[in-house]
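Residue strings, one per chain:
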Amino acid sequence: MAIDVAVARRLFTREEYHRMGEVGILKETDRVELIRGEIIQMSPIGRRHYAFMNNLGHRLSILLGTRAIVAVQGPIVLTDDTEPEPDIAVIRRRTTSYKEREAFAEDAFLLVEVAESSLAYDRSPKLRLYAAAGIPEYWIVDCVAESIDVHRTPHTEGYREVARITEPTATVALQAFPDVVLTLAEIFA
């Protein structure tokens, strides 16, 4: 005999999510992020993920200098119930310090997800979240294929401009900083 049970899900706000961290329910070592009110466990970081994220973050920091901040695995507020932690965020320098007010979607020039085991998630739900929030540029670094998907011009369901860069000698430039040019060989070294 089957029992039909309705299951209610409890969704959380950013305030509740942060409170869980303050009281010890969530620990600093927990790899989680808040997506549409749900606490999502993130994939462990593999060796290739770690290497490519560090290569990209390092190169971006050097090339951007003081024009922008390159944040690594920090939260960015999209809505009251969504605060993902992209692997890399290129965010604007502003007069109000980030210690006073967290980074919001309007602060972002570029968000990057480095994907080793999370590729499907980064190409679908994450992509739609970032586009809906108006993130102007989103890169997905595919660790397995050693390629980069570049997404620009957000709209409600995704991005209007999409390019996949696959050749090691190919270059990719930031839309907000066209003089900041990287080769895939630099990223995937």
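Definitions and limits used
Residues numbered from 1 in each chain as written. Predicted model: local features only at pLDDT ≥ 70, side-chain atom pairs only at ≥ 80, totals over all residues. Heavy atoms only, no water. Pairing = 2+ DSSP bridges. Helix = DSSP H or I, 4+ residues; strand = E, 2+ residues; numbered from the N terminus. 1 Å grid on protein atoms, 1.4 Å probe; cavity = no way out; pocket = protein on both sides within 12 Å on 5 of 7 lines; lining within 4 Å. Points joined across faces, edges and corners; volume = space filled by probe spheres on them. Core = buried A, V, L, I, M, F, W, Y, C linked by side-chain atoms within 4.5 Å. Buried < 20%, exposed > 50% of the residue type's maximum accessible area, 1.4 Å probe, protein only. Contact = heavy atoms within 4.5 Å.

Student: Whenever I open this one, the pairing of strand β7 (residues 147–155) confuses me. Can you help?
Tutor: Consecutive side chains of a regular strand alternate in pointing toward one face of the sheet and then the other. Alignment of strand β6 (residues 137–142) against β7, held across 6 bridges, turns out to be antiparallel. Among the inter-strand pairings, Ile-140 is bridged to a residue of β7, identified as Asp-149. Adjacent in sequence and paired antiparallel, β6 and β7 are bridged by 4 residues, among which Glu-146 carries a positive phi angle near 50 degrees. In terms of strand pairing, β7 meets strand β8 (residues 158–165) through 7 bridges, oriented antiparallel.

Student: Just to check I follow, could you spell out the layout of surface pockets for this structure?
Tutor: Picture a little ball the size of a water molecule; that probe, rolled over the atoms, points out where space is still empty. Size it by volume and the largest pocket reaches roughly 390 Å³. Sorting elements by how many residues they give to the lining of the largest pocket places helix α1 (residues 14–22) first, with 3 residues. Lining the second largest pocket are 19 residues, and of these Arg-31, Met-42, Ser-43, Ser-118 and Asp-122 sit closest to its centre. Counting residues per element, the ones that place at least two in the lining of the second largest pocket are β2 (38–41), β5 (108–115) and α3 (119–123).

Student: Could you clarify how one ought to interpret the nonpolar core in this entry?
Tutor: The nonpolar side chains of soluble globular proteins are, as a tendency, buried together. Within the largest apolar cluster, 27 residues are counted, with the highest numbers of intra-cluster contacts made by Leu-60, Trp-139 and Leu-174. Going through the elements one at a time, α2 (47–64), β3 (68–72), β4 (88–92), β5, β6, β7 and α5 (184–187) are the ones with two or more residues in this core. Sorting elements by how many residues they give to this core places α2 first, with 5 residues. If we skip the residues at most four places from it in the chain, Trp-139 touches Leu-56, Leu-110, Leu-111, Val-112, Glu-113, Ile-148, Asp-149, Val-150, Val-172, Ala-173, Leu-174 and Leu-182. If you look at the next biggest cluster of nonpolar residues, it comprises 19 residues, including Ile-35, Leu-78, Ala-89 and Tyr-138.

Student: What should I look at first to understand the pairing of strand β1 (residues 32–35) in this one?
Tutor: Residues of β1 alternate between two faces, with Val-32 and Leu-34 on one and Glu-33 and Ile-35 on the opposite face, all of them buried. Both β1 and β2 contribute to a ladder of 4 bridges, which runs antiparallel. Bridge pairing links Val-32 to Gln-41 in β2. In sequence, β1 turns back onto β2 through a hairpin of 2 residues, with Arg-36 there showing a positive phi of about 50 degrees.

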